[in-house]
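Letter by letter, the chains look like this.
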Amino acid sequence: MKFLKKSKRWMKAHWQNKSFRIVLAVNILLVVLLSVENMLLFSAGVLKMLRYVILLCGVAVIACIDRRSKRIPNEILLALVYIRALVLIAECVMYPSYALSMIISALLGSILGGGMFLICYFITRGGVGMGDVKLFSVAGLYLGSGGIMADRIFFGSIQHRTAGTEESKIKR
């Protein structure tokens, strides 16, 4: 409850800023457009679209908080896990023949997503925090094993950037 009060104060304070409202509106519009594109081009179902919208909105909120406080709140991550569980139950009810494979894919995606960043956590010694590890574990729940493996290009770019940052610290 304390977190919700802080979030409400934070939102009220930032809502006065016109550029914040514009960025928020653009992000919401992009999420909706990408979701519709996903449905039309890739014949994705409504639940899959909903899953991506929830993940993108959650990550947008986390990004705002993380940028300000350099911390990823566990409350938001837990809320995203609970919502994913509800959506997964709905997917299992709608597609019972794929239920087991959807559950395995979500769990495997969580393990792979969190595992990749856990390795980075140990390698970078502070460059990647445990909040980032938990965030990518939650993202793996939403994206599944195939989706999180497709993000390895993204992971590689972060790894390359982190290594470059560490090298520049060593040279100084």
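Residues numbered from 1 in each chain as written. Predicted model: local features only at pLDDT ≥ 70, side-chain atom pairs only at ≥ 80, totals over all residues. Heavy atoms only, no water.

Student: Got a minute to help me understand the nonpolar core in this structure?
Tutor: Side chains of nonpolar character tend, in soluble globular proteins, to be buried together. Grouped together as the largest cluster of nonpolar side chains are 13 residues, with contacts concentrated most on Ile62, Leu77, Leu80 and Tyr142. Every element with two or more residues in this core is listed here: helix H3 (46-69), helix H4 (74-94) and helix H6 (130-150). The residues contacting Tyr142, other than those within four sequence positions of it, are Arg51, Tyr52, Ile54, Leu55, Leu80, Ile83 and Arg84. Leu88, Cys92, Ala106 and Leu141 belong to the second largest nonpolar core, which has 6 residues in total. (Core = buried A, V, L, I, M, F, W, Y, C linked by side-chain atoms within 4.5 Å. Buried < 20%, exposed > 50% of the residue type's maximum accessible area, 1.4 Å probe, protein only. Helix = DSSP H or I, 4+ residues; strand = E, 2+ residues; numbered from the N terminus. Contact = heavy atoms within 4.5 Å.)

Student: Just checking my understanding: could you explain the packing of H3 against H4 for this structure?
Tutor: For any two helices packed against each other, one specifies the crossing angle of their axes together with the interaxial distance. Between H3 and H4, the least distance of the axes is 10 Å, while the angle of their chain directions is 175°. Judged on the interaxial angle alone, H4 and H3 are roughly antiparallel. Together, Leu47, Lys48, Leu50, Arg51, Ile54, Gly58, Val61, Ile62 and Ile65 of H3 and Ile76, Leu77, Leu80, Ile83, Arg84, Val87, Ala90, Glu91 and Met94 of H4 make up the contact between the two elements. Within the contact of H3 with H4, the residues separate by chemical class into 13 nonpolar, 1 polar and 4 charged. (Axes fitted to C-alpha atoms, helices over the stretch in contact; angles between N-to-C directions. Parallel < 35°, antiparallel > 145°, perpendicular 65-115°, else oblique. Nonpolar A, V, L, I, M, F, W, Y, C, P; charged D, E, K, R; others polar.)

Student: I tried to follow the packing of aromatic side chains on my own but got confused; where do I start?
Tutor: Any two aromatic rings considered together are summarised by their centre-to-centre distance and by the angle between their planes. For the structure shown, the criterion picks out 2 aromatic pairs. Seen from their ring centres, Phe117 and Phe136 are 3.9 Å apart, and the 15° between their planes marks the pair as stacked. One end of the pair, Phe117, is in helix H5 (residues 99-124); the other, Phe136, is in helix H6, and 19 residues separate them in sequence. Side by side, Phe117 and Phe136 carry an identical accessibility label, which is buried. Ring centres 5.3 Å apart and planes at 65° place the aromatic pair Tyr121 and Phe122 in the edge-to-face group. The residue whose ring lies beneath Arg51 is Tyr52, and the NZ or CZ to ring-centre distance is 5.6 Å. Positioned over the ring face of Tyr142 is Arg84, at 6.0 Å from the centre of the ring. (Phe/Tyr/Trp six-rings, centres within 6.5 Å; stacked < 30°, edge-to-face > 60°. Lys NZ or Arg CZ within 6 Å of the ring centre and 35° of its normal.)

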